[in-house]
Amino acid sequence: SLELYLKFYRDGNRGFQIINGIKKCYEKLNRFEEMISFFQELSSRYPRRINYRITLGRAYYLNSQKEEAWKIWQQILDSAPPSGSNYRMVGAALTELNLYRDAVELYKTAASKFKNQESLYREIGRLSQGLLEYESAAFYYLKYYKHAANQKNYIESRIIAMTKDKEAA
């Protein structure tokens, strides 16, 4: 599949499905050095596409070059103008890499730094629940509910789900 995707890419097809297919193939094949090269080239060619730089960081992380990954992600977070969406995208990448605690801290920073980021409370609650930090999860679910009362059923279901764990109950 990788060779087919790369052929399409070399033929000028640079759509999301092709690039995402290349990314997935490199990951499944553990060919992280090639993934790094590919996304370095894409990041250079399309410097405004933050998702390519986030994926480049991911490639470094998967290649056990964690410092380089964090450096790239921090550059994205520090870029001007400051953007809540950059925090969301980096947080999503951290979540995909099972770096839940780091994602929680990033989302907390974004929620305090930017206006209208209340939906991040839901994400913090979800990640805290996954980390079995039920008190924090309930706190952030209720904080989310304060801004999204129409999500009452969702919040109730999340809190009820935590009570299946006797310790959490």
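About the criteria used
Residues numbered from 1 in each chain as written. Predicted model: local features only at pLDDT ≥ 70, side-chain atom pairs only at ≥ 80, totals over all residues. Heavy atoms only, no water. Helix = DSSP H or I, 4+ residues; strand = E, 2+ residues; numbered from the N terminus. Buried < 20%, exposed > 50% of the residue type's maximum accessible area, 1.4 Å probe, protein only. Contact = heavy atoms within 4.5 Å. Salt bridge = Lys/Arg side-chain N within 4 Å of Asp/Glu carboxyl O. Expected span 1.5 Å × (residues − 1). Axes fitted to C-alpha atoms, helices over the stretch in contact; angles between N-to-C directions. Parallel < 35°, antiparallel > 145°, perpendicular 65-115°, else oblique. Left-handed = near helix turned anticlockwise from the far one by under 90°. Nonpolar A, V, L, I, M, F, W, Y, C, P; charged D, E, K, R; others polar. Core = buried A, V, L, I, M, F, W, Y, C linked by side-chain atoms within 4.5 Å. Arc of directions from axis to C-beta.

### Re the side chain of glutamine 117
As for its position among the elements, glutamine 117 is in the loop between α7 (100–113) and α8 (119–130). Residue glutamine 117 is classed as buried on the basis of its relative accessible area, which comes to 12%. Ignoring anything within four residues of it in the chain, the contact list for glutamine 117 reads Gly84, Arg88, Ala110 and Ala111.

### Quick look at the pattern of salt bridges
All chains considered together, the criterion is met by eleven salt bridges. Among the salt bridges present, the one from arginine 58 reaches glutamate 96, with a minimum N-O distance of 3.1 Å. Linking arginine 58 in helix α4 (residues 50–62) with glutamate 96 in helix α6 (residues 84–96), this pair joins segments that are 38 residues apart in sequence. The salt bridge partner of glutamate 68 is lysine 71, with a shortest N-O separation of 3.9 Å. Linking glutamate 68 with lysine 71, this pair stays in helix α5 (residues 66–78), spanning three residues, or about one helical turn. Residue class for glutamate 68 comes out partly exposed when judged on its relative accessible area of 27%. By relative accessible area, which is 46% here, lysine 71 ends up partly exposed. Connected through salt bridges with shared partners, the residues Glu27, Arg58 and Glu96 form a single ionic network.

### Some words on α4
With 13 residues, α4 extends 18 Å between its outermost C-alpha atoms, agreeing within 8% with the 18 Å of an ideal straight helix rising 1.5 Å per residue. Within α4, ten of the 13 residues are buried, which leaves the element mostly enclosed by the surrounding structure. Along α4, the residues that are buried comprise Ile50, Tyr52, Ile54, Thr55, Leu56, Gly57, Arg58, Ala59, Tyr60 and Tyr61. Where α4 is buried, its residues contact α2 (16–28), α3 (32–45), α5 and α6. Immediately beyond the C-terminal end of α4, within one or two residues, lies serine 64, with a positive phi of roughly 60°.

### Re the packing of α7 against α8
At a closest axis distance of 9 Å, the pairing of α7 and α8 adopts a crossing angle of 160°. In terms of axis orientation, α7 runs roughly antiparallel to α8. Note on packing geometry: the crossing formed by α7 with α8 is left-handed. Between α7 and α8, the residues in contact are Tyr100, Ala103, Val104, Tyr107, Lys108, Ala110 and Ala111 and Leu120, Tyr121, Glu123, Ile124, Leu127 and Ser128, respectively. Tallied by class, the residues present in the contact of α7 with α8 amount to ten nonpolar, one polar and two charged.

### What about the nonpolar core?
Within the largest apolar cluster, 51 residues are counted, with the highest numbers of intra-cluster contacts made by Ile22, Phe38, Phe39, Trp73 and Val90. In terms of residues, this core owes the most to one element, α4, which gives seven residues. Setting aside residues up to four positions removed in sequence, tryptophan 73 forms contacts with Ile54, Gly57, Arg58, Tyr61, Val90, Leu94 and Leu97.

### With respect to α3
For α3, with 14 residues, the first-to-last C-alpha span of 20 Å sits near the 20 Å given by 1.5 Å per residue. If you check which residues of α3 are buried, you get Phe32, Met35, Ile36, Phe38, Phe39, Leu42 and Ser43. For α3, the angular spread of buried residues about the axis comes to 170°, placing them on one side. Turned more than 90 degrees from where α3 packs its buried face, Glu33 and Ser44 sit exposed. Where α3 is buried, its residues meet α1 (2–10), α2 and α4.

These values are about where atoms sit, not about what they do.
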